[in-house]
Amino acid sequence: MPLEWSDAIDNVDWGELSALYRVAPLGNKNPSDLKTAFSNSRFRCFVYDERKLVGVGRALSDGVDCSYICDIAVLPNHQGSGLGREIIGKLVDLSRGHKKIILYAVPGKETFYRKFGFKRMRTAMAIFENQTLALERGYVDES
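Below is a summary of the structure that appears in this document. (Residues numbered from 1 in each chain as written. Predicted model: local features only at pLDDT ≥ 70, side-chain atom pairs only at ≥ 80, totals over all residues. Heavy atoms only, no water.)

### Thoughts on the side chain of Ser-41
Here's step 1: If you trace the backbone, Ser-41 turns up in the loop between α2 (31-39) and β2 (43-49).
Here's step 2: Look at Ser-41 and you get buried, because its relative accessible area is 4%.
Here's step 3: A polar side-chain atom of Ser-41 sits 2.8 Å from a polar atom in the side chain of Arg-58.
Here's step 4: The residues touching Ser-41, leaving out its near neighbours within four places in the chain, are Arg-58, Ala-59 and Leu-60. (Helix = DSSP H or I, 4+ residues; strand = E, 2+ residues; numbered from the N terminus. Buried < 20%, exposed > 50% of the residue type's maximum accessible area, 1.4 Å probe, protein only. Polar contact = N/O pair within 3.5 Å; in protein donor to acceptor, adjacent residues only side chain to side chain. Contact = heavy atoms within 4.5 Å.)

Now the structure itself:
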């Protein structure tokens, strides 16, 4: 059975989405926070295999200047199948026409994203809710 793609949030099981992030493994994300984040995202991809959520991604966008791709996750038994590449490709295509497409990735995945044309930014900076944890995980450095 082919994978089913959707951008609709009406029937998303936010608990199932939270579990996907946990096993991907991309951390613990509260289901109600995920509902808020995806509801406020311009572009969304939910991928189902026999009604089970197996992949996801979203992009925040202002419609003109900037689209920010984030929260890409694929269920472990679907990783390596090209699904992550398809999700990124779809979000990049949806974001075309913006002056810049920005992507936030976990450390170590930069080579994967370079295949889509992403380049490392020299001036990107962030303030995290938990700066110590962000430092430990390699998301930021002391400089």
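### Some thoughts on the environment of Asn-130
Here's step 1: With respect to the secondary-structure elements, Asn-130 resides in the loop between α4 (110-114) and α5 (131-136).
Here's step 2: By relative accessible area, which is 40% here, Asn-130 ends up partly exposed.
Here's step 3: Sequence separation between Asn-130 and Asp-10 is 120 residues; the distance between their C-alpha atoms is 31 Å.

### Examining the pattern of salt bridges
Here's step 1: Going through the model one piece at a time under the given rule, you end up with five salt bridges.
Here's step 2: Across the salt bridge formed by Asp-65 and Lys-100, the nearest N and O atoms sit 2.7 Å from each other. In this pair, Asp-65 is assigned in the loop between β3 (52-61) and β4 (66-74) and Lys-100 in strand β5 (residues 100-103), connecting sequence segments 35 residues apart.
Here's step 3: If you follow the salt bridges from partner to partner, you end up with Lys-29, Arg-58 and Asp-71 in one network. (Salt bridge = Lys/Arg side-chain N within 4 Å of Asp/Glu carboxyl O.)

### Structural notes on the sheet that holds β4
Here's step 1: Reading across from one edge, β1-β2-β3-β4-β5 is the order of the five strands in this open sheet, with mixed pairing throughout. Every other strand in the sheet has two partners, leaving β1 (4-6) and β5 as the edge strands with one partner each. Sheet twist, expressed as the average angle between the axes of neighbouring strands with direction ignored, equals 20°.
Here's step 2: Direction of pairing for β4 relative to β5: parallel, over a ladder of four bridges. Looking at the pairing, Ser-67 lines up with Ile-101 of β5.
Here's step 3: On the sheet, helix α1 (residues 14-23) packs against β2, β3 and β4 and is oriented at approximately 90° with respect to β3.
Here's step 4: Contacts from α2 reach β2 and β3, with the element oriented near 50° to β3. (Pairing = 2+ DSSP bridges. Axes fitted to C-alpha atoms, helices over the stretch in contact; angles between N-to-C directions.)

### Let's talk about α1
Here's step 1: For α1, every residue scored as buried is listed here: Trp-14, Leu-17, Ser-18, Leu-20 and Tyr-21. Relative to the axis of α1, the buried residues are bounded by an arc of 155° and lie together on one face.
Here's step 2: If you check the start of α1, you find a side-chain oxygen 3.0 Å away from the backbone N of Gly-15, and it comes from Asp-13. (Arc of directions from axis to C-beta.)

### Comments concerning unusual backbone geometry
Here's step 1: With an omega of -15°, the peptide bond running from Ala-24 to Pro-25 counts as cis.
Here's step 2: By the secondary structure assignment, Pro-25 is in the loop between α1 and α2.
Here's step 3: The phi angle at Glu-50 is positive, at roughly 50°, despite the residue not being glycine.
Here's step 4: Mapped onto the elements, Glu-50 comes out in the loop between β2 and β3.
Here's step 5: Here the phi dihedral of Asp-71 falls at roughly 55°; this positive angle occurs in a residue that is not glycine.

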